[in-house]
Amino acid sequence: MNEQQQQQWGAQVKAALSQAQPDARVRQQLALARQTALRNSSPSANHVLVWLEQRPLMAVIASGVLLAALLLAWPRASQPQQSEQYADLTEQVVDDVLYESLSDS
Amino acid sequence: MQLGLGQVDWLWLRAKGKMDDLAQFLAQVEQRAWRQAWVAVREREAALDIVQDAMLKLSTHYADKPAAEWPLLFQRILQNTIRDYQRRSKVRHFWVSLFSSFGSGSSSDDEPDDPLEYIADSSFSGGDVEQIASSQQRMALIEQGLAQLPARQREAFMLRYWEEMDVAETAQVMGCSEGSVKTHCSRACHSLAKWLAERGVSL
């Protein structure tokens, strides 16, 4: 058999084999296997991590901004005295506004 | 920061689109891939495991690659997975046969179940059962013939004629030279033709 004859013969073998397809159960299991494979690598945190890995500078900046935001927010949340002062001030303002509105009427 | 989040959103959408493309690609190739694995290992469940493994590897490690590269990558992964399975099963068979020689000695050469459905051909008018049966028998013999070929010959034959890859692509998937692919294909064709002729099968 030369190369061309092999090609023809191979095509005949393929045609003979193509007369059958996997049965319904196998097709179903293949579809399930495909869904499982795709679900395990869906675009999620994995892709964001890959993106960050490819851009280390952006990752450093994002981390810095996050850290700065936390540092700014932290003292406010962790100082109850200051929040008490704010509460007193708010109370005073509300009282004043109410008093003025009553006196107007 | 807003721009960064936008980029992440865009990236997520792009990745999702790519996953849709990948799902479509896998749906196109899965049945042919299963058939390749089935011919190589002759076990329904093992063939399914091999295909699932190959799909998982492709989607985990190579989903970011251009879609044009997926067919060759998938074939390469599939062939490697088949080879790994065969290597493992060879070791397992050795130990099983060693220990089973002490056992009852039940026959292990049972015919595998046939997980294939015959496609009704319009040329078989009136459902010529005899013709269908003989075609099924011929197909089973071709599969048996392919299964008894040496692994590299079968791999080359399936990639060249079942997957219709050219010599260069086949060489890339098999990790060998184009000359080797031609040699493997030639030997596979001769061996298979001879094996089939001995059993009275003509194509």
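Everything below is about the structure shown above.
Please read these numbers as outputs of a predicted model, since none were measured by experiment. (Residues numbered from 1 in each chain as written. Chains lettered and ligands numbered in written order. Predicted model: local features only at pLDDT ≥ 70, side-chain atom pairs only at ≥ 80, totals over all residues. Heavy atoms only, no water.)

(A) Quick look at the interface of chain A and chain B. Residue-level contacts link 40 residues of chain A with 54 residues of chain B. Taking both sides of the interface into account, the surface hidden between chain A and chain B amounts to around 4400 Å²; carbon and sulfur atoms contribute 65%. Broken down residue by residue, the surface that chain A buries against chain B is led by A:Trp9, A:Leu17 and A:Gln19, which jointly contribute 16%. Inspection of the region where chain A meets chain B yields four salt bridges. Here B:Glu164 ties to A:Lys14 by a salt bridge, and the two come within 3.5 Å at their closest N and O atoms. Linking chain A with chain B are eight residue pairs in polar contact (both at pLDDT 80 or more). If you list the elements that add at least two residues to the side of chain A that touches chain B, you get α1 (3-17), β1 (20-22), α2 (24-39), α3 (45-54) and α4 (56-77) of chain A. It is α2(A) that provides the largest number of residues to the side of chain A that touches chain B, a total of twelve residues. Of the residues contributing to the side of chain A that touches chain B, the split by class is 20 nonpolar, 14 polar and six charged. (Contact = heavy atoms within 4.5 Å. Buried area = accessible area lost by both parts, 1.4 Å probe. Salt bridge = Lys/Arg side-chain N within 4 Å of Asp/Glu carboxyl O. Polar contact = N/O pair within 3.5 Å; in protein donor to acceptor, adjacent residues only side chain to side chain. Helix = DSSP H or I, 4+ residues; strand = E, 2+ residues; numbered from the N terminus. Nonpolar A, V, L, I, M, F, W, Y, C, P; charged D, E, K, R; others polar.)

(B) Inspection of a nonpolar patch on the surface at higher detail. A contiguous nonpolar surface patch, about 530 Å² in accessible area, is contributed by B:Val91, B:Phe94, B:Trp95, B:Leu98 and B:Phe99. Mapped onto the elements of the fold, B:Val91 is located in helix α3 (residues 70-100). (Patch = residues over 30% accessible without salt bridge, like charges linked within 9 Å, V, L, I, M, F, W, Y side chains within 5 Å. Areas by Shrake-Rupley, 256 points an atom, 1.4 Å probe, with all protein chains shown as cover.)

(C) Representation of the nonpolar core. One finds B:Leu22, B:Trp34, B:Leu58, B:Phe74, B:Leu146 and B:Phe157 to be the most contacted residues of the largest nonpolar core, which totals 63 residues. With twelve residues, the single largest contributor to this core is helix α1 (residues 2-41) of chain B. In this structure B:Leu146 touches A:Leu17, B:Val39, B:Arg154, B:Phe157, B:Met158 and B:Leu192, once residues within four positions along its chain are discounted. (Core = buried A, V, L, I, M, F, W, Y, C linked by side-chain atoms within 4.5 Å. Buried < 20%, exposed > 50% of the residue type's maximum accessible area, 1.4 Å probe, protein only.)

(D) Inspection of a negative patch on the surface at higher detail. Residues and elements named next belong to chain A. A cluster of acidic side chains, namely Glu-84, Asp-88, Glu-91, Asp-95, Asp-96 and Glu-100, defines a negative patch on the protein surface. Along the chain, Asp-95 falls in helix α5 (residues 80-104). Taking the relative accessible area as the measure of exposure, Asp-95 reaches 44% and is therefore partly exposed. (Lys, Arg positive; Asp, Glu negative; His and termini not counted. Charge placed at Lys NZ, Arg CZ, Asp CG, Glu CD.)

(E) Quick peek at the pattern of salt bridges. Tallied over the full model, the rule gives twelve salt bridges over all chains. A salt bridge links A:Asp23 to B:Arg44, with the nearest nitrogen and oxygen atoms 3.4 Å apart. On the criterion of chain membership, the pair formed by A:Asp23 in the loop between β1 and α2 and B:Arg44 in helix α2 (residues 44-61) is interchain, its members lying in two chains. Relative accessible area serves as the criterion here: at 12%, A:Asp23 is assigned to the buried category. A salt bridge links B:Glu143 to B:Arg42, with the nearest nitrogen and oxygen atoms 3.3 Å apart. Here B:Glu143 is found in helix α4 (residues 129-147), whereas its partner B:Arg42 is found in the loop between α1 and α2, with 101 residues between them in sequence. With relative accessibility at 18%, the residue B:Arg42 sits in the buried group. Residues participating in the shared-partner salt-bridge network are B:Arg35, B:Arg42 and B:Glu143.

(F) Looking closely at the packing of α1(A) against α4(B). At a minimum axis distance of 9 Å, the contact between α1(A) and α4(B) shows a crossing angle of 125°. Classified by the interaxial angle, the pair formed by α1(A) and α4(B) is oblique. α4(B) is crossed by α1(A), and the crossing has left-handed handedness. Contacts between α1(A) and α4(B) involve A:Val13, A:Ala16 and A:Leu17 from the former and B:Arg138, B:Met139, B:Ile142, B:Glu143 and B:Leu146 from the latter. Grouping the amino acids of the contact of α1(A) with α4(B) by side-chain chemistry returns six nonpolar, no polar and two charged. (Axes fitted to C-alpha atoms, helices over the stretch in contact; angles between N-to-C directions. Parallel < 35°, antiparallel > 145°, perpendicular 65-115°, else oblique. Left-handed = near helix turned anticlockwise from the far one by under 90°.)

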